[in-house]
Amino acid sequence: MGDEGAPVGREFKGPVNNNVIRTFEEDMGFIKKITPWKYEINEGFVTGMNCKGTFYVNSALEELMFDELRCSCASGSYGGFLPAVKQIANVAALPGIVKKSIGLPDVHSGYGFAIGNVAAFDMDDPNSVVSPGGVGFDINCGVRLIRTNLTEKEVGPVREQLAQSLFDHIPVGVGSKGVIPTTISDLNAALEMGMDWSVREGYSWAEDKEHCEEFGRMLQADPSKVSARAKKRGLPQLGTLGAGNHYCEIQVVDEIHDKYAAARMGVDTIGQVCIMIHSGSRGLGHQVATDSLIAMEEAMLRDGIVTNDRQLACARIRSKVEKSTIIMIWFLTH
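The rules behind these values
Residues numbered from 1 in each chain as written. Predicted model: local features only at pLDDT ≥ 70, side-chain atom pairs only at ≥ 80, totals over all residues. Heavy atoms only, no water. Pairing = 2+ DSSP bridges. Helix = DSSP H or I, 4+ residues; strand = E, 2+ residues; numbered from the N terminus. Axes fitted to C-alpha atoms, helices over the stretch in contact; angles between N-to-C directions. Contact = heavy atoms within 4.5 Å. Buried < 20%, exposed > 50% of the residue type's maximum accessible area, 1.4 Å probe, protein only. Salt bridge = Lys/Arg side-chain N within 4 Å of Asp/Glu carboxyl O. Parallel < 35°, antiparallel > 145°, perpendicular 65-115°, else oblique. Nonpolar A, V, L, I, M, F, W, Y, C, P; charged D, E, K, R; others polar.

Undergrad: Looking at this structure, how should I read the pairing of strand 3 (residues 52-56)?
TA: Residues in a regular strand point their side chains to alternate faces of the sheet. Relative to strand 3, strand 2 (residues 38-41) runs antiparallel, the two sharing 4 bridges. For K38, the partnering residue across the bridge sits in strand 3 and is Y56. Bridge count between strand 3 and strand 4 (residues 97-108): 4 bridges; the pairing is parallel. The partner of F55 across the bridge, within strand 4, is G103.

Structure, rendered in structure tokens:
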């Protein structure tokens, strides 16, 4: 699938449980509505669940969630993406999970984990696992909101010019190349230093670090854990946006639900202009995930780990395979 998306052309080697095929009505018998916005998925919905699943949706997302499940049941669970409800339950079947597999209000079908699906695993449990599917196949694909002191009234008259300027200055699309001259030493520095590299090179301000997790730098980052293939794919793409559902969008605040939280974040005025960026990690992140999955599959065969979904390939947290994978994912969160 180009630079973004799941791997193609390679058969999964790890063991997988057989799917339980039921009607939509039979599946719904395992799902209980707790509140107008909270549902629970009871154990038995899929094979080997270690805990319940939970997801939170409004009425519009509720309809989409159950439409996914209805279509999957109608097809006999053959082909296409698994519905998010099934993916939440499959995560609940992973070894070492703590309490629940949870689907947040943006939940929808994803790769291995549902998009918006979160779970915690006990680091002291020798059977606990970690899976690249829990991060997403496009490692470090993420969303960031940038506030401005501009208003809709000020930006409105130049809206068309602004949109054109974004297209002119931000490389997008499969195969797009960045405008930042990058050597392999530059790439290694960016991987190791994270936002400190951006500040040093003049692409951000030091104050920006205060609004980023870990102040924009994971101290455990080790670029030597990244394959030469991944670096080669990422080298020409630094500073690009990505393809598919990645975007840079000019947005306007039209409603405020929590005045205190909005004030703390500086997004507190109706008509305030913000910029939302959904960036991809391009070939670098895709290759890291591919490399990790190959190692995961070998570890599953070695340790006898069985999952409900090929996309949940994983290995024990305390294994050497996983320590290397965790280090790779750590620095890609830059």
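Undergrad: Would you explain the sheet that holds strand 4 in this entry?
TA: Pairing between the strands of a sheet is mediated by backbone hydrogen bonds and can be parallel or antiparallel. Read across the sheet, 5 strands follow the order 1-2-3-4-5 without closing on themselves; strand pairing throughout is mixed. In this open sheet, the two edge strands, each paired with only one partner strand, are strand 1 (31-35) and strand 5 (115-121). Taken pair by pair, the neighbouring strands of this sheet meet at an average axis angle of 25 degrees, ignoring direction. On top of the sheet, helix 3 (residues 84-92) reaches strand 1, strand 2, strand 3, strand 4 and strand 5; it is set at about 160 degrees to strand 4, its chief contact.

Undergrad: Mind showing me how you'd approach helix 3 here?
TA: Three or four residues apart is the spacing at which side chains of an α-helix point the same way, because the helix has 3.6 residues per turn. Most of helix 3 sits out of view: 9 of its 9 residues are buried. All of the buried residues along helix 3 are A84, V85, K86, Q87, I88, A89, N90, V91 and A92.

Undergrad: Can you help me understand the pattern of salt bridges in this one?
TA: Opposite charge on two side chains allows them to pair when their charged atoms are near. Counted under the stated rule, the structure contains 11 salt bridges. With its nearest N and O atoms 3.3 Å apart, the salt bridge here joins D27 to K86. In this pair, D27 is assigned in helix 1 (residues 24-28) and K86 in helix 3, connecting sequence segments 59 residues apart. Per residue, the accessibility class of D27 equals that of K86, and both read buried. Through salt bridges with shared partners, a single network forms among R22, D27 and K86.

Undergrad: What is the right way to read helix 6 (residues 184-193) from this model?
TA: Looking only at helix 6, the buried set comprises L187, A189, A190, L191 and M193. With its phi angle positive at about 60 degrees, G194 sits one or two positions after the end of helix 6.

Undergrad: Help me out: how do you make sense of the packing of helix 2 (residues 59-74) against helix 3 in this one?
TA: At their nearest, the axes of helix 2 and helix 3 sit 7 Å apart, and the two run at 85 degrees to each other. Here helix 2 is positioned roughly perpendicular relative to helix 3, judged by the angle of their axes. Side by side, helix 2 and helix 3 meet where M65, E68 and L69 of the first sit next to A84, V85, K86 and I88 of the second. Tallied by class, the residues present in the contact of helix 2 with helix 3 amount to 5 nonpolar, no polar and 2 charged.

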